[in-house]
Number of protein chains: 2
Amino acid sequence: MPKSKYYLTKKEYIKKQIARTNKKNFENYVISRIIHRLDNLDLKFVTQQYVKREDGYYLADLYFPQLNYFIEIDEGHHLDQQEADKIRDADFQNVVGVSPKRVDVWNTTIKEINDQCDQIVTEIETLVIKRKSTGEFDSWSPEKEFNPDTWIKKGKITTNDKVAFRRIVDGCKALGLNYEGFQRAGAKHPYEENTMIWFPKLYPNGAWENFYDEEKGLIRERNIESEEKRFKHVTYHLNDPLKRRIVFARVRDSLGFILYRFRGVFELDEDSSNYNDGLYWRKTSKEAKTYDYNKKRTPACNIKSLNS
Amino acid sequence: MPKSKYYLTKKEYIKKQIARTNKKNFENYVISRIIHRLDNLDLKFVTQQYVKREDGYYLADLYFPQLNYFIEIDEGHHLDQQEADKIRDADFQNVVGVSPKRVDVWNTTIKEINDQCDQIVTEIETLVIKRKSTGEFDSWSPEKEFNPDTWIKKGKITTNDKVAFRRIVDGCKALGLNYEGFQRAGAKHPYEENTMIWFPKLYPNGAWENFYDEEKGLIRERNIESEEKRFKHVTYHLNDPLKRRIVFARVRDSLGFILYRFRGVFELDEDSSNYNDGLYWRKTSKEAKTYDYNKKRTPACNIKSLNS
């Protein structure tokens, strides 16, 4: 991605997504058929979408994030394939709330593959029309998607909207804080009391053994550099009034670019936190208010150093 | 290709053709868009179609043999690209009689790429309708394409129809000769006087330094094992009454499978042939009559050993 912009054009994005499909089997054929027959540049798609499961992860062959719609291409020819698919579908259902649509490319003619794709296309088109009619459909716009102004206009960010930013500075802006080139992992919220805006790595990294349990809405923040540092860290925050955090977790998107994804609003769980485990933060809200970063603020903004 | 059949299904064929496209740039995107928007399984397509030129060859990105329609994808961004394209188009025109259609994927948005593809799709659809209305359109049928019965029904094979067979035995059948598993490079024609059915390699191979000049309609057949063998070969044929040959040249198709392609009817050029160069055969007709191989023949068929 060129440094001058914080998003890929649709042309660049689509090229990269298609380049990840496998041509040797029918994956590329099915995906390109669905995309070209849909012929809708307002619909974002992701190939090989990462889907977390209990023990590891799946890569879904095709995913439409605006519709929460997954497509799996069945190349399998094992006798126990159907059984395995059922388990996989149930797993899928647990994690993302829907079963994937399946395209069988194994025991089918080219005509039957086409027909399966076209049925999916019709289903997606119907879904788009339905969502548009209820105002639930936002056209895919790479330049708006990661632009804080988009969310300032909406008045809030929510985890359901899968809000993410390319840069920390954009996450700050969405919450009313205008610092160009801001690099720290956190900042004091300019409007909300006792609140930090936090951009952590929610996985083990350097001196920090953090983790995030999405299902439980629980973050653990644990210093492993030394027991002394961990003690100081826990003590500091138990005594600090800033016990509320708006969290943007540092992740990589499907193409490997860094994103700061909104995970919700968290509050320090003082009972669970301890000198051995470190701090526990519990999700208290799936949404946060946004603020215009161009407005003059009355309270001066305090920037604090937090672990990243 | 399984041994049990002499053609690929459309499913197998399409998979193999698509697998040859390059995903890293827009070649795969453009080709799959055109194929999926056309959505016509009666239309055969070839990716990376070999096109002979004066000094070497081109690989055309996409080719529709039933329509003699070529598509080139322009990824070039050189300043002198347009000039080079003009020369290439003129070359193309010389060889295949038409200019290729061009899709510019360089200085274009994804929308503009789509629009260019869709314009080509409309053009192809119009061409198909036109050809159907004049009876010039034969639906793509892999099982009929290489089936001698198809040509026996038509009463003739012509070079314009790009007739080819997967096996020597099928070429023989088309001319009325039914030998299952026939492996020789030639056979005496069962009905036409002084005529051989010939399946040569028209390029240097082993003891033979053959070549074929399509423009001049000229085959040279030259033994290079020894001067003595060459002398015997030339002498034999100058004295042999079988001076007419129906030629199926051994070639490889776009996917690397062997084909025997009908090149026309040739006659020995006795004046040009000599003990140094070997034999010269000149094309005298672009078509040959076909015969039902199930009919009982009166004259016994003589199989002759010819160079392959």
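Below or above, wherever it landed, is the structure these notes cover. (Residues numbered from 1 in each chain as written. Chains lettered and ligands numbered in written order. Predicted model: local features only at pLDDT ≥ 70, side-chain atom pairs only at ≥ 80, totals over all residues. Heavy atoms only, no water.)

### Section: the overall build of chain A
No. 1: Along the backbone of chain A there are eight helices and 16 strands.
No. 2: With the principal axes as the frame, chain A shows a C-alpha extent of 65 × 45 × 35 Å.
No. 3: Within chain A, buried positions represent 48% of all 308 residues.
No. 4: A sequence separation of at least 24 residues applies to 60% of the contacts in chain A between residues at least 6 apart. (Helix = DSSP H or I, 4+ residues; strand = E, 2+ residues; numbered from the N terminus. Buried < 20%, exposed > 50% of the residue type's maximum accessible area, 1.4 Å probe, protein only. Contact = heavy atoms within 4.5 Å.)

### Thoughts on the sheet that holds strand β3 (residues 69-74) of chain A
Residues and elements named next belong to chain A.
No. 1: Spatial strand order, β1-β2-β3-β4: four strands in an open sheet with mixed pairing. The outermost strands of the open sheet, each flanked by one partner alone, are β1 (46-53) and β4 (101-104). Each strand axis lies, on average, 45 degrees off the axis of its neighbour in the sheet, ignoring direction.
No. 2: Of the pairings in the sheet, the one linking β1 to strand β2 (residues 56-64) comprises seven bridges and is antiparallel in character. Counted as the bridge partner of Val46 is Tyr63 from β2.
No. 3: The sheet contacts of helix α2 (residues 27-38) involve β1, β2, β3 and β4, and relative to β2 the element is tilted by about 40 degrees.
No. 4: Its contacts with the sheet place helix α4 (residues 110-133) against β2, β3 and β4, and it is angled at close to 160 degrees to β4. (Pairing = 2+ DSSP bridges. Axes fitted to C-alpha atoms, helices over the stretch in contact; angles between N-to-C directions.)

### Observations concerning α4(A)
No. 1: Relative to the 34 Å expected for 24 residues at 1.5 Å per residue, α4(A) spans 35 Å between its end C-alpha atoms, a close match to the ideal helical length.
No. 2: When α4(A) is considered as a whole, its buried residues turn out to be A:Ile110, A:Ile113, A:Asn114, A:Cys117, A:Ile120, A:Val121, A:Ile124 and A:Val128.
No. 3: Taken together, the buried residues of α4(A) touch α2, β2, β3 and β4 of chain A together with α1 (10-19) of chain B.
No. 4: Positive phi shows up at A:Gly135, right after α4(A), with a value of about 70 degrees. (Expected span 1.5 Å × (residues − 1).)

### Notes on the relation of the copies chain A and chain B
No. 1: Superposing chain A onto chain B requires a rotation of 179 degrees together with a translation of 0.2 Å along the rotation axis, leaving an RMSD of 0.2 Å. What the rotation and shift describe, once combined, is the action of a two-fold rotation axis. (Least-squares fit on C-alpha atoms with pLDDT ≥ 70 in both.)

### Notes on the pairing of strand β14 (residues 258-268) of chain B
Consecutive side chains along a regular strand alternate between the two faces of the sheet.
Residue and element names in this part refer to chain B.
No. 1: Buried residues dominate β14, accounting for eight of its 11 residues.
No. 2: Sheet analysis places strand β6 (residues 164-165) next to β14, joined by two bridges and oriented antiparallel. Bridge pairing in β14 places Phe165 opposite Tyr260.
No. 3: If you look at the hairpin formed by strand β13 (residues 244-252) and β14, you'll find five residues sitting between the two strands, and Gly256 has a positive phi there, around 95 degrees.
No. 4: Sheet topology places β14 next to strand β15 (residues 279-285); four bridges connect them, and they run antiparallel. Along β15, the bridge assignment pairs Phe266 with Lys283.

### Description of the packing of aromatic side chains
Residue and element names in this part refer to chain A.
No. 1: For the structure shown, the criterion picks out 26 aromatic pairs over all chains.
No. 2: Residues Tyr63 and Phe70 carry aromatic rings whose centres are separated by 4.3 Å and whose planes lie at 20 degrees to one another, so their mutual orientation is stacked.
No. 3: Using a relative accessible area of 4% as the deciding quantity, one classes Tyr63 as buried.
No. 4: Owing to a relative accessible area of 3%, Phe70 belongs among the buried residues under this scheme.
No. 5: Pairing Phe199 with Tyr260 gives two aromatic rings, centres 5.8 Å apart and planes at 90 degrees, and the pair type is edge-to-face. Taken together, the positions of Phe199 in the loop between β8 (195-198) and β9 (204-205) and Tyr260 in strand β14 (residues 258-268) put the pair 61 residues apart, joining distant regions of the chain.
No. 6: Residue class for Phe199 comes out buried when judged on its relative accessible area of 2%.
No. 7: Through a chain of ring-to-ring contacts, three or more aromatic side chains come together here, namely Phe165, Phe199, Phe248, Tyr260 and Phe262.
No. 8: Cation over ring: Arg166 sits above Phe146, and NZ or CZ is 4.2 Å from the ring centre. (Phe/Tyr/Trp six-rings, centres within 6.5 Å; stacked < 30°, edge-to-face > 60°. Lys NZ or Arg CZ within 6 Å of the ring centre and 35° of its normal.)

### Describing the interface of chain A and chain B
No. 1: Residue-level contacts link 30 residues of chain A with 30 residues of chain B.
No. 2: For the chain A face of the interface with chain B, the top three residues by lost area are A:Lys11, A:Lys23 and A:His36, together amounting to 31%.
No. 3: Connecting chain A to chain B are four salt bridges.
No. 4: Note that B:Asp39 and A:Arg37 form a salt bridge whose closest N and O atoms lie 3.7 Å from each other.
No. 5: In this structure, the connection of chain A to chain B is made through 17 residue pairs in polar contact (both at pLDDT 80 or more).
No. 6: Among the secondary structure elements, those contributing two or more residues to the side of chain A that touches chain B are α1 (10-19), α2 and α4 of chain A. (Buried area = accessible area lost by both parts, 1.4 Å probe. Salt bridge = Lys/Arg side-chain N within 4 Å of Asp/Glu carboxyl O. Polar contact = N/O pair within 3.5 Å; in protein donor to acceptor, adjacent residues only side chain to side chain.)

### With respect to a negative patch on the surface
No. 1: The grouping of A:Glu54, A:Asp55, A:Glu214 and A:Glu215 at the surface amounts to a negative patch.
No. 2: Checked against the element boundaries, A:Glu54 lands in the loop between β1 and β2. (Patch = residues over 30% accessible without salt bridge, like charges linked within 9 Å, V, L, I, M, F, W, Y side chains within 5 Å. Areas by Shrake-Rupley, 256 points an atom, 1.4 Å probe, with all protein chains shown as cover. Lys, Arg positive; Asp, Glu negative; His and termini not counted. Charge placed at Lys NZ, Arg CZ, Asp CG, Glu CD.)

### Notes on the pattern of salt bridges
No. 1: For the coordinates displayed, the defined rule picks out 38 salt bridges over all chains.
No. 2: The salt bridge involving A:Glu209 is made with A:Arg220; its shortest N-O contact spans 3.0 Å. One end of the pair, A:Glu209, is in strand β10 (residues 208-209); the other, A:Arg220, is in strand β12 (residues 218-221), and 11 residues separate them in sequence.
No. 3: Between B:Asp269 and B:Arg282 there is a salt bridge, and its shortest N-O distance comes to 2.5 Å. Of the two residues, B:Asp269 is situated in the loop between β14 and β15 and B:Arg282 in strand β15; the sequence distance between them amounts to 13 residues.
No. 4: A residue is classified by how much of its surface remains accessible, and B:Arg282, at 34% relative accessible area, is partly exposed.
No. 5: Salt bridges here are not isolated pairs; linked through shared partners, they connect A:Arg33, A:Arg37, A:Asp118 and B:Asp39.

### Focus on the packing of helix α2 (residues 27-38) of chain B against helix α4 (residues 110-133) of chain B
Residues and elements named next belong to chain B.
No. 1: With their axes 9 Å apart at the nearest point, α2 and α4 run at an angle of 45 degrees to one another. Relative to α4, the element α2 lies oblique. In the crossing of α2 with α4, the sense of the turn from one axis to the other is right-handed. Two secondary-structure elements touch here, α2 through Tyr29, Val30, Arg33, Ile34, Arg37 and Leu38 and α4 through Ile110, Ile113, Asn114, Cys117, Asp118, Ile120, Val121, Ile124 and Glu125.
No. 2: For the contact of α2 with α4, the class distribution of residues is 10 nonpolar, one polar and four charged. (Parallel < 35°, antiparallel > 145°, perpendicular 65-115°, else oblique. Left-handed = near helix turned anticlockwise from the far one by under 90°. Nonpolar A, V, L, I, M, F, W, Y, C, P; charged D, E, K, R; others polar.)

### Here we look at α1(A)
No. 1: Of the residues making up α1(A), those classed as buried are A:Lys10, A:Lys11, A:Tyr13, A:Ile14, A:Gln17 and A:Ile18. For α1(A), the arc enclosing every buried residue in end-on projection is 165 degrees, short of the 170-degree limit, so these residues lie on one face.
No. 2: Residues of α1(A) that are buried in the fold lie against α2, β1 and α5 (142-145) of chain A together with α2 and α4 of chain B. (Arc of directions from axis to C-beta.)

### Observations regarding the sheet that holds strand β2 (residues 56-64) of chain B
Residue and element names in this part refer to chain B.
No. 1: Spatially, four strands are ordered β1-β2-β3-β4 in an open sheet, and the strand pairing comes out mixed. A strand with exactly one partner marks an edge of an open sheet, and here the two such strands are β1 (46-53) and β4 (101-104). Direction aside, neighbouring strands of the sheet carry axes that sit 45 degrees apart on average.
No. 2: Across three bridges, the pairing between β2 and strand β3 (residues 69-74) is antiparallel. When the bridges of β3 are listed, Tyr63 appears paired with Phe70.
No. 3: Those strands touched by α4 are β2, β3 and β4, and its axis lies near 160 degrees from that of β4.

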